[in-house]
Every structure is written in structure tokens, then in C-alpha cells.
Amino acid sequence: MKKKGILIGEFRLLHDLHKEVFMQSAGCVEVIHIGVINYKGIKRYSNIRELSITISKILNDIGIEFYIHEIKEELTNDELESYFINKLKIEDYSEWTLFTDESKRKFKKIKNEMLELFSNKEITVANIEKNIYESKHIAKEFMRYVNKKIVISGTESCGKTVMTKKVSSFLNTSFSEEYGRYHGRKFLGGNDSCFTPKEFVHIAMQQILQDKKVNMYSRLFLLVDTDMVVTLNFLNKYRDEYIKNNNWSDDLEEEYIKAKDTLETLIENHDQDLTILLKPNVKFVEDGIRWHDRGFEEREKEFNELKKLYDKFNIKYVVVDKKSYNERFKEVIKHIKNNF
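Draft legend 1. Fine view of the packing of aromatic side chains. Summed over the entire model, instances satisfying the criterion amount to 13 aromatic pairs. Both rings, one in Tyr179 and one in Tyr182, keep their centres 5.5 Å apart while their planes meet at 55°; by these two values the pair is tilted. Of this pair, Tyr179 and Tyr182 both sit in helix α7 (residues 179–188), separated by 3 residues, roughly a single helical turn. The ring centre of Phe329 lies 4.7 Å from the NZ or CZ of Lys166, which sits over that ring. For the cation-ring pair, Arg239 lies above Tyr256, with the distance from its terminal atom to the ring centre recorded as 4.8 Å.

In C-alpha cells form, the structure reads like this:
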């Protein structure tokens, strides 16, 4: 006869106290059933699927058999008990225990066990929400759903890569580098002529995967160097250069249209929380894979084309136009603090 337990909560945002409840409950039974209360109007920091993934990660690490149930209606204690009795076909109540750290949560037929917790009982979602960006108690497994994605964007040689690294270091978090730069150097030898339209789709997909991977190890903020809009802008730029040099063909045009449609679909599903656009009014720095500097007027034109793309997809952005690198850094930090 397996000992079985029940845990019930909203779990709007997983924190250290939740993890201890999971751990202590799992130490008392062989099977645990998690009831996630999710009736309309509850403010969540993740959807139920994402929450289930996080709870599964925690309980798999503990090593216990578990099941997660979504409860979509607001129920009284008696109704909750009936829900589990009917759903799990409970007949022998002696096999079951309701674990709780709240005195208000009690069942009548199933045994109740109040957990004695080591964690500070002041760790609550309500308290964390008072200053979420100062909290040290959000469960590390859940952090990726709380993190805000900040994109540092711009045209060539505007300082976005260095800025991304500096800001991420200042905020004590991680950053995702521009995958296109890595791809060009690693696989194409930094040779512009090797790029084809479908190459940009590959770069975009790899950037998305890389961002998600880095986000798993970030804390409160994820800094990203460029985004899909920049990738689309470069695709358009390459097309213009190829046409100007008479290197374009009908096959490349067909490939371009497919690539453009794919990138636009990705952009329409963007997930960035803040976009900071750096104006290219600083000295051009040659790094071996850029086009030669064509002067500020040309760079200004490309910058305006990039802004048009952001406007087209209704992505809000702030422009940083300071000429001093240190003043740029301070302005970026001010924008982040003002938004979060």
C-alpha cells in the first residue's frame, strides 16, 4: 500500500517556501498529487504548462512519483476534498494525507498534516511582488519566467555588443551574444559573399534557441545583443548590395521572399520586454567582417530603416543617442530602472 499525499495552491510564482513544502511532503509519501488552483482572474507569472514544467523539474530532482492537476474553479475546502476523492477514486482514506502550511486549508475525511517549515514564512508571493527585482527567494527553476528580456539593438558599429556585456555584468545576469556574428566567422570565414537568404533564417532560429538556453541561467534580466528585426534588416541590406553588384537572380529572389516571410512571422511573435536602440553616432570600428565605413549619413539612413521596421511591427523602443560611451551606458541603465 503506497502512502499518497496532496498539495494544493495557486503557485502563481514559485519561491523557496514552495520548494521546501515539496521536499518535506515528498519525504513523507511515495506519491504526491499537486492541485494547481487556476480559476479566472488569478495573476500568473507563467502559464500552466510552464508552471508544470518547473514543478516537474523540482520533483524529478527529488525523485518521487507525482501528478499535477489543474483546478479551474474556485472551490471551498469541502469541494476540493470531494474533487480529489472523485478524481482519484479514493476509497481508503488512511492511505492519504493533505499537506499544508496554512491552517485555513483542511479536509474532513482525509488526514491533514501541518508542515513545520525552516524557511521564513514571510516568503510569500505578495511580499515578493512588493519589489520583485530585489527578491532573492524566487525559485531558480522558475526564474526564467520572471526574467525580463532586454534587447540592445542597432546597426553596425554602434557599440551594442560591448553595451550588452557591460549592462549584463552591472545587473549581475547573463547575456546572449549575436549569433549571426558567430555564424559568419565560424562557418563562412567572415566572407559577405557566402551569405544567402536562407542563411538568415538559420541565424534567427539559432538566436532564439540560444536566448532560451541563456535565459535558464539568468537572474531577473536577460540581455540580448540584436534581435529578429536586426536580422531582417540585414537580410534586406544584403539583398540591396547583391542587386547593386549584379549578383542577384530569380532563384535568390524566391529564396529571399521565403526567408523574409519566415522572419516576419518570428518577429510578430516577439517576446522582448524592452528594446534599446543605439544611434550610430559614434566612431566606426572595423572588426574584419563589417562593410567599410560609408560615413555617418549612410549609417544614419540604415538606422532610420531599422526604426521603420520596429514601427512596422509595433515594437516599442527607446533611442539612446549620447556620443560618449559612458553617457550611453548610464542612459541605458536609467531606461531599465525606469521600466522595471
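Here the narrative resumes.
Draft legend 2. The arrangement of the side chain of Ser56 in detail. For Ser56, the position within the fold is in helix α2 (residues 48–62). Non-local contacts of Ser56, meaning those with residues more than four positions away in its chain, are made with Phe66 and Ile68.

Draft legend 3. Seen up close, the sheet that holds strand β2 (residues 31–37). Spatially, β3-β2-β1-β4-β5 is the arrangement adopted by the 5 strands of the open sheet, whose pairing is parallel. The sheet is open, and its two edges are formed by β3 (65–71) and β5 (111–114), each paired on a single side. Adjacent strand axes in the sheet meet at a mean angle of 25°, parallel and antiparallel pairs treated alike. Across the sheet, helix α1 (residues 16–26) is in contact with β1 (4–9), β2 and β4 (96–100); its angle to β1 comes to roughly 165°.

Draft legend 4. Structural detail: unusual backbone geometry. Of note, the phi angle at Lys89 is positive, near 55°, even though the residue is not glycine. Looking at the secondary structure, you find Lys89 in the loop between α3 (77–87) and β4. Residue class for Lys89 comes out exposed when judged on its relative accessible area of 67%. A positive phi angle, close to 70°, is found at Leu220, a residue other than glycine. Note on placement: Leu220 falls in the loop between α8 (197–215) and β8 (221–225).

Draft legend 5. Structural view of the pairing of β8. With 5 of its 5 residues buried, β8 lies for the most part within the structure. Examined bridge by bridge, strand β6 (residues 148–154) and β8 share 5 bridges and lie parallel to one another. Bridge pairing in β8 links Val151 to Val224. Bridging between strand β7 (residues 174–176) and β8 involves 3 bridges; their strand directions are parallel. Following the sheet pairing, Ser174 is matched in β8 by Leu222.

Draft legend 6. Spatial organisation of the sheet that holds strand β9 (residues 274–278). Judged by pairing direction, the sheet is parallel, and its 5 strands sit side by side in the order β7-β8-β6-β9-β10 without closing on themselves. With one partner strand each, in any of the chains shown, β7 and β10 (318–320) form the two edges of the open sheet. Pairs of neighbouring strands in the sheet enclose a mean axial angle of 25°, with direction left out of account. Across the sheet, helix α12 (residues 325–339) lies against β6, β8, β9 and β10, angled at about 160° from β9, the strand it touches most.

Thresholds, definitions, all that
Residues numbered from 1 in each chain as written. Predicted model: local features only at pLDDT ≥ 70, side-chain atom pairs only at ≥ 80, totals over all residues. Heavy atoms only, no water. Phe/Tyr/Trp six-rings, centres within 6.5 Å; stacked < 30°, edge-to-face > 60°. Helix = DSSP H or I, 4+ residues; strand = E, 2+ residues; numbered from the N terminus. Lys NZ or Arg CZ within 6 Å of the ring centre and 35° of its normal. Contact = heavy atoms within 4.5 Å. Pairing = 2+ DSSP bridges. Axes fitted to C-alpha atoms, helices over the stretch in contact; angles between N-to-C directions. Buried < 20%, exposed > 50% of the residue type's maximum accessible area, 1.4 Å probe, protein only.

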